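Observations on chain architecture
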Amino acid sequence: GQNIDQPTEMTATEGAIVQINCTYQTSGFNGLFWYQQHAGEAPTFLSYNVLDGLEEKGRFSSFLSRSKGYSYLLLKELQMKDSASYLCAVKRWGKLQFGAGTQVVVTP
Amino acid sequence: DTGVSQDPRHKITKRGQNVTFRCDPISEHNRLYWYRQTLGQGPEFLTYFQNEAQLEKSRLLSDRFSAERPKGSFSTLEIQRTEQGDSAMYLCASTLQIAGFHEQFFGPGTRLTVL
């Protein structure tokens, strides 16, 4: 969606770390969200960044560089239940624009 | 459960029929959004309301689509003369629009299949 780029799929083993990158066009930027979506379910909020730097929340961390139009979501100590799609979303002019999502597959 | 509900959860219809979906947001939330999501894609913005006022409609939303939020609480999305290309998950989200951070809470979605 609208020049928000993230990898299609990533695979990692249980207990490992995975980093999902997201790049976006910077015009109108007013915040970046990460959502998790399990198959057949609604997206659920994970993190929000509006200033540069790292936001840590338990096993999940999110980083933002506004000048580079770049963010990443870091998932640590992966668990099987973390297998899901991870959506990067940029807030512009009052609404969210989503990337296509990164499918993370966690293997035993 | 985020507190946002949608009805129905699934709808199967024949091409050319009209369908209407309902969304009940979290009660104190003043903004309500509609998105459409197809397999392998992220949610795509359709329209949003601030209280009862519809503030923006996506260019992707043809004139067969109409949305209302008559009392600033629940919202309906109607699709007239459905086409097979309308088959998708229709998601509703709500938020409390105040200064600063405001997370959007999503409902479970209505999955539409047009035969």
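The present account deals with the structure reproduced in this document.

Cut-offs and rules
Residues numbered from 1 in each chain as written. Chains lettered and ligands numbered in written order. Predicted model: local features only at pLDDT ≥ 70, side-chain atom pairs only at ≥ 80, totals over all residues. Heavy atoms only, no water. Helix = DSSP H or I, 4+ residues; strand = E, 2+ residues; numbered from the N terminus. Rg over C-alpha atoms; globule rule 2.2 N^0.38 Å. Buried < 20%, exposed > 50% of the residue type's maximum accessible area, 1.4 Å probe, protein only. Contact = heavy atoms within 4.5 Å. Areas by Shrake-Rupley, 256 points an atom, 1.4 Å probe, with all protein chains shown as cover. Phe/Tyr/Trp six-rings, centres within 6.5 Å; stacked < 30°, edge-to-face > 60°. Lys NZ or Arg CZ within 6 Å of the ring centre and 35° of its normal. Pairing = 2+ DSSP bridges. Buried area = accessible area lost by both parts, 1.4 Å probe. Salt bridge = Lys/Arg side-chain N within 4 Å of Asp/Glu carboxyl O. Polar contact = N/O pair within 3.5 Å; in protein donor to acceptor, adjacent residues only side chain to side chain. Axes fitted to C-alpha atoms, helices over the stretch in contact; angles between N-to-C directions.

**Let's talk about the overall build of chain A**
When helices and strands are counted, chain A shows zero helices and 11 strands. Its helices and strands in sequence order give chain A the pattern β-β-β-β-β-β-β-β-β-β-β, from N to C terminus. Its C-alpha atoms give chain A a radius of gyration of 13 Å, within 12% of the compact-globule value 13 Å for 108 residues. Its C-alpha atoms give chain A principal-axis dimensions of roughly 40 × 30 × 20 Å. By the burial criterion, 52% of the 108 residues in chain A qualify as buried. Taking contacts inside chain A between residues at least 6 apart in sequence as the whole, the part at least 24 apart equals 54%. When the accessible surface of chain A is totalled, it reaches about 4900 Å², and 50% of it is carbon and sulfur.

**A few points about the packing of aromatic side chains**
Tallied over the full model, the rule gives 18 aromatic pairs over all chains. An angle of 50° between the planes, with centres 4.6 Å apart, marks the rings of Phe33 of chain A and Tyr48 of chain A as tilted. Of this pair, Phe33 of chain A sits in strand β4 (residues 29–37) while Tyr48 of chain A sits in strand β5 (residues 44–49); the two residues are 15 residues apart in sequence, bridging distant segments of the chain. For the residue pair Phe33 of chain A and Tyr48 of chain A, the accessibility class agrees, reading buried in each case. Relative to Tyr72 of chain A, the ring of Phe63 of chain A has its centre 5.1 Å away and its plane inclined at 20°; by these criteria the two rings are stacked. On the basis of relative accessibility, which here comes to 23%, the residue Phe63 of chain A falls in the partly exposed class. Judged by relative accessible area, Tyr72 of chain A falls into the buried class, the value being 16%. Taken together, the ring pairs connect Phe33, Tyr35, Phe45, Tyr48 and Phe98 of chain A together with Tyr33, Tyr35, Phe45, Tyr48 and Phe106 of chain B into an aromatic cluster. The aromatic ring of Phe45 of chain B is capped on one face by Lys95 of chain A, whose charged end is 5.3 Å from the ring centroid. When the ring centre of Phe74 of chain B is taken as reference, the NZ or CZ atom of Arg22 of chain B above it lies at 3.9 Å.

**Observations concerning the sheet that holds strand β7 (residues 60–65) of chain A**
Reading across from one edge, β1-β3-β8-β7-β6 (chain A) is the order of the five strands in this open sheet, with antiparallel pairing throughout. Either end of the sheet is taken by a strand with one partner, and the two such strands are β1 (4–5) and β6 (53–57) of chain A.

**Notes on the interface of chain B and chain A**
Across the contact, 20 residues belong to chain B and 17 residues belong to chain A. Buried area between chain B and chain A, summed over both chains or domains, comes out near 1500 Å², and the portion from carbon and sulfur atoms is 57%. Counting every contact that joins chain B to chain A gives one salt bridge. Its salt-bridge partner being Lys95 of chain A, residue Glu56 of chain B comes within 2.7 Å of it at the nearest N-O pair. At the junction of chain B and chain A, the tally comes to four residue pairs in polar contact (both at pLDDT 80 or more). Elements with a minimum of two residues in the side of chain B that touches chain A: β4 (31–37), β5 (44–50) and β9 (88–95) of chain B.

**A short note on the environment of Ser5 of chain B**
Residue and element names in this part refer to chain B. Within the secondary structure, Ser5 sits in strand β1 (residues 5–7). Ser5 sits in the partly exposed class, given a relative accessible area of 36%. Apart from the residues lying within four places of it in its own chain, the contact partners of Ser5 are Arg22, Cys23, Asp24 and Pro108.

**Observations regarding the sheet that holds β1 of chain B**
Residues and elements named next belong to chain B. Within the open sheet, the four strands sit side by side as β1-β3-β8-β7. Their pairing is antiparallel. Because the sheet does not close on itself, it has two edges, and the strands there are β1 and β7 (65–68). Direction aside, neighbouring strands of the sheet carry axes that sit 15° apart on average. Two strands pair when backbone bridges link them, and β1 and strand β3 (residues 19–24) are joined in this way by three bridges, in the antiparallel orientation. Each bridged residue has a counterpart across the sheet, and for Asp7 the counterpart in β3 is Arg22.

Keep in mind that these numbers describe shape and distance, not what the molecule does.
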